[in-house]
Amino acid sequence: MIPFLPISRPLIRRRKLQLLAFLVCLVLSLGEAVAQSEIQFTQYWAVPSYYNPAAAGNTDYLRIRGGARLQWVGIEHAPKSFMGTVDLPWRIGAQRFGAGVNVMQESIGLFSNLLLNLQASYKIRLGNGTLSVGLQGGYFDSRFKGSEAVLPDDGDSGTATETPPVSGTAVPMRDVSGKAFDFSAGLYYSHKYFSVGISGMHLFSPVVRYGEEETESEDGRQFETELGRALYFTADGNIPLKNTLLELQPAMMIKTDFTSFTAEVTMRARIRRFISFGVGYRHRDAVSAMIGAEFRNFFLGYSYDWPVSSISKVSSGSHEVVAGYMIKLDFGNRKRFKHRSIRIM
């Protein structure tokens, strides 16, 4: 969601510098860093169309999902993220399509970001499964509350090496905002027992330009960042255990921005298609535990992340909730009006 700069361990360990570290990193990054847009959901397997437009309409249901994530509880101004998705299948003659929309809002530090996407996918029967090709167009709105920024004095950091130098020309001291249009695409193959997908997000790396308004004392300034390209690979399975009411549901997600990567693996078990529970691991970031329930097309899931990085010294972890509802859509060729013969009445 926001431009990212690494925070040194000595800086993280000091609670008094937490807000300072966030503000300095965010402000400095406006001039030259790359923004991220997708929320890192631990229950990524529950919202496939959020990470891949080709997954829109991959079931026979109108599917509604929403999620909220509180990142790094205990750190002031840590990320707070909200997401919603709606997708459904539709047909034109024998051709199968999918459509969807998703929206994301996240606040971190003095940044507030909103991303709205429209999705369309085309389905092709392939083997015992379905191959989908999807496109996504999006609108990104980002705001920075520069009027609330507090820059450190020389004595705030304790030592000169703990606080990065701040250039006055790189810091917007008034509220600024920027907008950009976005484009993404993906492939998704779904089968009765598994699914696999690959997607390229922000393929044109759109530039977000922030502008300050001119005043009587000084001219307005321009700041910019960009939504960097990202590649996602996802896979999940559904393995029923013979002669039991138990199903194993492994999943994985790999993300790269072509300079670094993040990998996550999850193993869940579902009992009687009702209660599910599992554990996960995100590379060099966190271990997670999760529990969920499905009842009459309703879904509710909760996960908790324990950080394994140095941020564990100042944060107790991250909380996440995902909820949803599905409505069955019938695309059969049954006649609208039925007549029963008097012989069987």
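One can find the structure itself at the top, above this paragraph.
Residues numbered from 1 in each chain as written. Predicted model: local features only at pLDDT ≥ 70, side-chain atom pairs only at ≥ 80, totals over all residues. Heavy atoms only, no water.

Undergrad: Looking at this structure, how should I read the pairing of strand β7 (residues 176-190)?
TA: If a strand is regular, its side chains alternate between the two faces of the sheet. In this structure, strand β6 (residues 129-144) lies alongside β7, joined through 15 bridges in antiparallel fashion. Paired with Val133 across the bridge in β7 is Leu187. Sheet analysis places β7 next to strand β8 (residues 194-201), joined by six bridges and oriented antiparallel. Within β8, the position partnered with Gly186 by the bridge is Ser199. Between β7 and β8, which follow one another and run antiparallel, lie three residues. (Pairing = 2+ DSSP bridges. Helix = DSSP H or I, 4+ residues; strand = E, 2+ residues; numbered from the N terminus.)

Undergrad: Explain a nonpolar patch on the surface here, please?
TA: Taken together, Val133, Leu187, Ile198, Phe233, Ile254 and Phe261 make up a surface patch of nonpolar side chains, about 470 Å² in accessible area. You can see Phe261 is positioned in strand β14 (residues 261-271). (Patch = residues over 30% accessible without salt bridge, like charges linked within 9 Å, V, L, I, M, F, W, Y side chains within 5 Å. Areas by Shrake-Rupley, 256 points an atom, 1.4 Å probe, with all protein chains shown as cover. Salt bridge = Lys/Arg side-chain N within 4 Å of Asp/Glu carboxyl O.)

Undergrad: I'm lost on the layout of surface pockets in this one. Help?
TA: Gaps between atoms show up when a probe of the same size as a water molecule is rolled over them. Here the second largest pocket is characterised by a volume of approximately 1,400 Å³. Residue lining of the second largest pocket: 43 residues in total, with Thr59, Arg63, Lys192, Asn238 and Arg270 positioned closest to the centre. Ranked by residue count, the leading element in the lining of the second largest pocket is strand β13 (residues 246-256), at four residues. (1 Å grid on protein atoms, 1.4 Å probe; cavity = no way out; pocket = protein on both sides within 12 Å on 5 of 7 lines; lining within 4 Å. Points joined across faces, edges and corners; volume = space filled by probe spheres on them.)

Undergrad: Quick question: what am I supposed to make of unusual backbone geometry here?
TA: For residues other than glycine, phi is negative in most cases, and the peptide bonds are mostly trans. Even without being glycine, Arg272 reaches a positive phi, approximately 55 degrees. One can find Arg272 in the loop between β14 and β15 (275-282). Exposure remark for Arg272: the relative accessible area of 60% places this residue in the exposed category. A positive phi angle, near 60 degrees, is found at Arg284, a position not held by glycine. Relative to the helices and strands, Arg284 is located in the loop between β15 and β16 (286-295). (Buried < 20%, exposed > 50% of the residue type's maximum accessible area, 1.4 Å probe, protein only.)

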